[in-house]
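Descriptive analysis of the structure
Here are the chains, one letter per residue:
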Amino acid sequence: MASYQLKINGEQVFIDNIADDTPLLWVLRDELNLVGTKFGCGGGYCGACTVHVDGKAVRSCLLPVSALTGQSITTIEGLANGDELHPLQQAWIDQDVPQCGYCQAGQIMNAAALLQHNAKPSIEDIESAMAGNLCRCGCYVRIKSAIVSVAAQMAVDIVGIYDPETSLGVKELQS
Ligand code: FES
Ligand code: FES
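Residues numbered from 1 in each chain as written. Chains lettered and ligands numbered in written order. Predicted model: local features only at pLDDT ≥ 70, side-chain atom pairs only at ≥ 80, totals over all residues. Heavy atoms only, no water.

**Describing the nonpolar core**
If you look at the biggest cluster of nonpolar residues, it comprises 25 residues, and the most contacted ones within it are L88, W92, I143 and I147. Those elements giving two or more residues to this core turn out to be α2 (87–94), α3 (104–117), α4 (123–130) and α5 (140–159). Apart from residues lying up to four places away in sequence, W92 is in contact with V97, P98, Q104, Q107, I108, I143, A146 and I147. In this structure, Y4, I8, V51 and I73 belong to the second largest nonpolar core, which totals 15 residues. (Core = buried A, V, L, I, M, F, W, Y, C linked by side-chain atoms within 4.5 Å. Buried < 20%, exposed > 50% of the residue type's maximum accessible area, 1.4 Å probe, protein only. Helix = DSSP H or I, 4+ residues; strand = E, 2+ residues; numbered from the N terminus. Contact = heavy atoms within 4.5 Å.)

Spelled out as structure tokens, the structure:
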């Protein structure tokens, strides 16, 4: 058993008397009451537990707390900028993406990492990046549509144009 200091959602938190191999998911939910991150399979297969570690999407059910000292962890609770939702969170609301909602924090965190590292993803990039995040309610079309809408807006913001023939377009979802 050991104590750890972790940086989670911009704050330093202290965890006492915890086993070195305790997965981050357990720390978040059981020690810190950050229950937006969900337990799905517990084996790295579903993506429900996805959070960011130093900006990369990771499966918190697989990461031991002992591997996280000095790294910056972001959960769904820390994705918004104060009262301002992350654009993906807003798109999720605007497009009524969730059904039961259980997988959605992991979906959003995975999509946010994608857009952070690839500001102008193709449809194939999105499909590839999201392929490992499962949704038992089958909300895949709305999930992809919401990501496309945010990526398309980012493309407009970045290059000042939006060319649906060569870049992103909701039309592609319908073909
Ligand atoms: S709970 Fe972590 S991948 Fe399923
Ligand atoms: S919305 Fe129910 S599991 Fe995805």
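**Some remarks on the sheet that holds strand β2 (residues 11–18)**
Here five strands make up an open sheet; going across it, the order is β2-β1-β5-β3-β4 and the pairing mixed. Because the sheet does not close on itself, it has two edges, and the strands there are β2 and β4 (56–59). Going from strand to strand, the sheet's axes swing by 40° on average, the running direction of each strand aside. Where strand β1 (residues 2–8) lies against β2, six bridges are found, and the strand directions are antiparallel. Looking at β2, one finds that Y4 is bridged to I15. (Pairing = 2+ DSSP bridges. Axes fitted to C-alpha atoms, helices over the stretch in contact; angles between N-to-C directions.)

**A short note on the pairing of β4**
Relative to β4, strand β3 (residues 50–53) runs antiparallel, the two sharing four bridges. Bridge pairing links H52 to A57 in β4. The turn linking β3 back onto β4 is made up of two residues, and D54 within it adopts a positive phi angle of 50°.

**Describing the side chain of T37**
Within the element layout of this structure, T37 appears in the loop between α1 (24–31) and β3. The class for T37 is buried, based on a relative accessible area of 2%. Sequence-distant contacts of T37, that is, excluding residues within four places in its chain, are made with L25, L28, R29, A48, C49, T50, V51, S60, T75, I76 and E77.

**Observations concerning the pattern of salt bridges**
Scanning all chains against the criterion turns up one salt bridge. Linking K144 and E127 is a salt bridge whose minimum nitrogen-to-oxygen distance equals 2.5 Å. Within this pair, whereas K144 is found in helix α5, its partner E127 is found in helix α4, the two being separated by 17 residues in sequence. Take K144: its relative accessible area is 22%, and that puts it in the partly exposed class. (Salt bridge = Lys/Arg side-chain N within 4 Å of Asp/Glu carboxyl O.)

**Description of the packing of α3 against α4**
In helix packing, the relevant descriptors are the interaxial angle and the interaxial distance, both defined with respect to the helix axes. For the pair α3 and α4, interaxial distance at closest approach is 10 Å and the crossing angle is 135°. Comparing the axis directions of α3 and α4 gives the class oblique. In this structure, α3 crosses over α4, and the sense of that crossing is right-handed. Contact residues: Q107, N110, A111 and L114 in α3; D125, I126, A129 and M130 in α4. (Parallel < 35°, antiparallel > 145°, perpendicular 65-115°, else oblique. Left-handed = near helix turned anticlockwise from the far one by under 90°.)

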